[in-house]
Amino acid sequence: AVVSTQSTGGSEERLAQFGMAARAYQNDCTFVEMDMANGYVKMFTNFFGVKTADLPIVYLADTSKQSENLAKTKDITESGVAQLIEDFLAGTAETSAPKKEAEDELPEDWESRSLKYLTSDNFVSYVTTPERAVLVMVHKESCPHCVKMKPIWEDLAEKYKEHPTLKVAELKSSNVAQIKDLTVQKVPTILFYPTQTGSDLSTAVEYEGDRTLKGVEEFIFTQLSKNKDEL
């Protein structure tokens with residue numbers, strides 16, 4: 001991604017150079033131009049730790065890795081971007097890790113909340129309790145898609161708080177590495193753990209539909225019906 005603001009100037013020439021690199025490496029990378037003057041983009045760039053003083057700048061990220069997966073350059077010419085990509089693909093680029101979330105702590109009232117708060121300390125025991133079905137969203141505070149999804153998740157938790165078996169929960173992605181057998185490739189990730197899960201986390205069903213209240217509720221209905229839980 002090339003990150004800039006309107007005030008940095010030279011946007012037409014910069015995008016022309018970026019576009020030439022994009023055509024040459026379209027099979028290796030996805031190219032995106034982002035304007036930090038946009039509030040939505042600014043939430044996203046917080047993940048990279050981008051500051052206004054750094055602009056304009058090009059970031060290259062390997063989303064299949066959880067750490068040391070970011071490279072950057074201030075040389076926004078066709079040759080400069082090409083060199084960054086070549087070095088990154090060859091494993092010789094200078095890389096860094098994305099911004100880390102603060103260490104998560106389990107609040108005292110986590111279970112009394114409508115939206116259950118899970119961490120690496122209580123995740124396994126909570127989602128594997130036999131008489132309970134759990135719908136959990138794995139999210140990251142700096143992810144704009146997660147931020148957009150959070151109000152929907154809170155509405156779901158409030159709506160189903162009196163349900164006899166279904167509980168709605170959240171888990172920050174910073175906990176994932178500490179939970180054995182839990183694999184998350186992206187955020188947000190939505191997982192449904194049916195009743196009678198036992199200790200097997202692989203019974204989770206991942207939601208792949210639209211990130212809307214209607215879409216998730218249809219998913220809930222389908223999963224509860226499959227498991228003969230009370231609707």
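All of these numbers come straight from a predicted model, not from anything done at the bench. (Residues numbered from 1 in each chain as written. Predicted model: local features only at pLDDT ≥ 70, side-chain atom pairs only at ≥ 80, totals over all residues. Heavy atoms only, no water.)

1. Some points on the overall build of the protein chain
(1) Moving on: The secondary structure content of the protein chain amounts to six helices and nine strands.
(2) Moving on: For the protein chain, buried positions account for 45% of its 231 residues.
(3) Moving on: Sequence-distant contacts in the protein chain: of pairs separated by 6 or more residues, those separated by 24 or more amount to 62%.
(4) Moving on: Carbon and sulfur atoms make up 48% of the accessible area of the protein chain, which totals about 12,800 Å². (Helix = DSSP H or I, 4+ residues; strand = E, 2+ residues; numbered from the N terminus. Buried < 20%, exposed > 50% of the residue type's maximum accessible area, 1.4 Å probe, protein only. Contact = heavy atoms within 4.5 Å. Areas by Shrake-Rupley, 256 points an atom, 1.4 Å probe, with all protein chains shown as cover.)

2. Quick look at the packing of aromatic side chains
(1) Moving on: The tally for this structure, following the rule as stated, stands at five aromatic pairs.
(2) Moving on: Ring centres 5.8 Å apart and planes at 80° place the aromatic pair Phe 123 and Tyr 193 in the edge-to-face group. Separated by 70 residues along the polypeptide, Phe 123 in helix H4 (residues 123-127) and Tyr 193 in strand E8 (residues 189-193) bring together distant segments of the chain.
(3) Moving on: Given a relative accessible area of 1%, Tyr 193 falls into the buried group.
(4) Moving on: Their ring planes at 50° and their centres at 5.0 Å tell us that Tyr 207 and Phe 219 sit as a pair that is tilted. Within this pair, whereas Tyr 207 is found in the loop between strand E9 (205-206) and helix H6 (213-226), its partner Phe 219 is found in helix H6, the two being separated by 12 residues in sequence.
(5) Moving on: Residue Phe 219 is classed as buried on the basis of its relative accessible area, which comes to 10%.
(6) Moving on: Site record: aromatic cluster; members linked through ring pairs are Phe 192, Tyr 207 and Phe 219.
(7) Moving on: The ring of Tyr 126 has Arg 132 lying over it, and the distance from NZ or CZ to the ring centre is 3.9 Å. (Phe/Tyr/Trp six-rings, centres within 6.5 Å; stacked < 30°, edge-to-face > 60°. Lys NZ or Arg CZ within 6 Å of the ring centre and 35° of its normal.)

3. Observations regarding the environment of Pro 164
(1) Moving on: With respect to the secondary-structure elements, Pro 164 resides in the loop between helix H5 (144-159) and strand E7 (166-172).
(2) Moving on: Classification of Pro 164 by relative accessible area gives partly exposed; the value is 48%.
(3) Moving on: Through-space distance from the C-alpha of Pro 164 to that of Glu 131 is 9.2 Å; in sequence the pair is 33 residues apart.

4. Overview of the confidence of the model for the protein chain
(1) Moving on: When pLDDT is averaged across the protein chain, the result is 86; 85% of the residues are at 70 or more.
(2) Moving on: Mean pLDDT values over the elements of the protein chain span from 60, in strand E1 (residues 2-4), up to 98, in strand E5 (residues 115-118). (pLDDT = per-residue confidence, 0-100.)

5. Some details on the sheet that holds E9
(1) Moving on: Spatially, E5-E7-E6-E8-E9 is the arrangement adopted by the five strands of the open sheet, whose pairing is mixed. Each of the sheet's edge strands pairs with one partner strand only, and the pair in question is E5 and E9.
(2) Moving on: In the sheet, E8 pairs with E9 via two bridges, with the strands oriented antiparallel. Looking at E9, one finds that Phe 192 is bridged to Val 205. (Pairing = 2+ DSSP bridges.)

6. With respect to the packing of H5 against H6
(1) Moving on: One can describe the packing of H5 onto H6 by two numbers: an axis separation of 10 Å at closest approach and a directional angle of 45°. One element, H5, and the other, H6, form an angle in the oblique class. Note that H5 runs across H6; the crossing there is right-handed. Contacts between H5 and H6 pair Met 149, Ile 152, Trp 153, Leu 156 and Lys 159 from the former with Leu 213, Val 216, Glu 217 and Ile 220 from the latter.
(2) Moving on: The class makeup of the residues in the contact of H5 with H6 is seven nonpolar, no polar and two charged. (Axes fitted to C-alpha atoms, helices over the stretch in contact; angles between N-to-C directions. Parallel < 35°, antiparallel > 145°, perpendicular 65-115°, else oblique. Left-handed = near helix turned anticlockwise from the far one by under 90°. Nonpolar A, V, L, I, M, F, W, Y, C, P; charged D, E, K, R; others polar.)

7. Observations concerning helix H1 (residues 11-24)
(1) Moving on: With 14 residues, H1 extends 20 Å between its outermost C-alpha atoms, agreeing within 8% with the 20 Å of an ideal straight helix rising 1.5 Å per residue.
(2) Moving on: Taken together, the buried positions of H1 are Arg 14, Gln 17, Phe 18, Gly 19, Ala 21 and Ala 22. (Expected span 1.5 Å × (residues − 1).)

8. Some thoughts on the pattern of salt bridges
(1) Moving on: Per the stated rule, a full pass over the model turns up eight salt bridges.
(2) Moving on: Where Lys 186 meets Glu 206, a salt bridge forms, and the shortest distance between an N and an O atom there is 2.6 Å. With Lys 186 in the loop between E7 and E8 and Glu 206 in strand E9, this pair connects stretches of sequence that are 20 residues apart.
(3) Moving on: A relative accessible area of 35% places Lys 186 in the partly exposed class.
(4) Moving on: With a relative accessible area of 31%, Glu 206 lands in the partly exposed category.
(5) Moving on: The structure contains a network of salt bridges with shared partners spanning Lys 186, Glu 206 and Glu 208. (Salt bridge = Lys/Arg side-chain N within 4 Å of Asp/Glu carboxyl O.)

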